[in-house]
Amino acid sequence: MKPRIHQLFALTATLFCFSASLFVYWEEEFQYYVVDNVPSLVVGSDVDLSEFFSNSKRPIYFHFFDEDCADSKISLEHFPIVAKHYQEVCEYIVVNASNLEAAALRQEYQLPSYIQIIDDSDHVLTNRLKVVTTPHALIVNTDNQLLFTGNYSDGSGLCGANTIRNSAPAVALRFLASNHQTPLFSPYQIAFTGCPIN
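My aim in this report is to walk through the structure given alongside it, one point at a time. (Residues numbered from 1 in each chain as written. Predicted model: local features only at pLDDT ≥ 70, side-chain atom pairs only at ≥ 80, totals over all residues. Heavy atoms only, no water.)

### Topic: the pairing of strand E2 (residues 91-96)
Counting buried positions along E2 yields five of six residues, so the element is predominantly enclosed. Pairing geometry for strand E1 (residues 60-65) and E2, over six bridges, is parallel. Across the sheet, the residue bridging to Ile 60 is Glu 91, located in E2. Traced from E1 through helix H2 (residues 70-85) to E2, the parallel crossover comes out right-handed. Summarising the sheet, E2 and strand E3 (residues 115-119) pair through five bridges and their orientation is parallel. (Buried < 20%, exposed > 50% of the residue type's maximum accessible area, 1.4 Å probe, protein only. Helix = DSSP H or I, 4+ residues; strand = E, 2+ residues; numbered from the N terminus. Pairing = 2+ DSSP bridges. Right-handed = clockwise from strand over helix to strand, strands pointing away.)

### Regarding the pairing of strand E5 (residues 136-140)
Here E5 lies mainly inside the structure; five of its five residues are buried. Side chains of E5 alternate between two faces, with His 136, Leu 138 and Val 140 and Ala 137 and Ile 139 buried alike. Pairing of E1 with E5 involves five bridges; the strand directions are antiparallel. Opposite His 63, over in E5, you have Ala 137 as the bridge partner. Between E5 and strand E6 (residues 146-150), which pair antiparallel and follow one another directly, the connecting turn spans five residues, one of which, Asn 144, has a positive phi of 60°.

### With respect to the sheet that holds E3
Ordered by their spatial adjacency, five strands build an open sheet running E3-E2-E1-E5-E6, and the pairing between neighbours is mixed. Strand pairing shows two members of the sheet lacking a second neighbour, E3 and E6, which therefore form its edges. Along the sheet, successive strands turn relative to each other by an average axial angle of 20°, direction set aside. Note: E5 against E6, four bridges, orientation antiparallel. Counted as the bridge partner of Ala 137 is Gly 150 from E6. Contacting E1, E2 and E3, helix H3 (residues 102-109) crosses the sheet at an angle of about 140° to E3. Contacting E1, E2, E5 and E6, helix H5 (residues 168-177) crosses the sheet at an angle of about 15° to E5. (Axes fitted to C-alpha atoms, helices over the stretch in contact; angles between N-to-C directions. Contact = heavy atoms within 4.5 Å.)

Here it is as structure tokens:
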């Protein structure tokens, strides 16, 4: 009889460990994978920003941020590296979808003054641009047409400090700076990945 109790105990312990591992995997990784079947703006489509901005003399680069998302925090730490390299190409705007005040956000992430921060805690701009996850980037040209929409991936995963210059938004900026049409990116690079914007 005792061997059966030991087997039952071992099976129960194994199932518990497996369930706990699945829960941790969900909490730390899986929930941040690609969000499918989400209607998004298509490159080349018109974007009406008149409610939010007057006519800009340069394209506008939007970086979507949410303080509650670990990936978003990492991307914002490295975003100034890209913006500094292409400082004259675009106007840079961090769309703050969290409740963190702009001054605190600028100080915490050491954002230079040429990067604007707008509060979008009510998600009006985020919804208008059909962005559902963060981190995410959009580039809109001076004719209010979408040039780029995508995440901070180099095609193999979220970019860090050493790879941020190879991220899809940085590549799009490189092409924009040289007056070339942005290249086609892999589906993963333009997909909504990361954390849902609530």
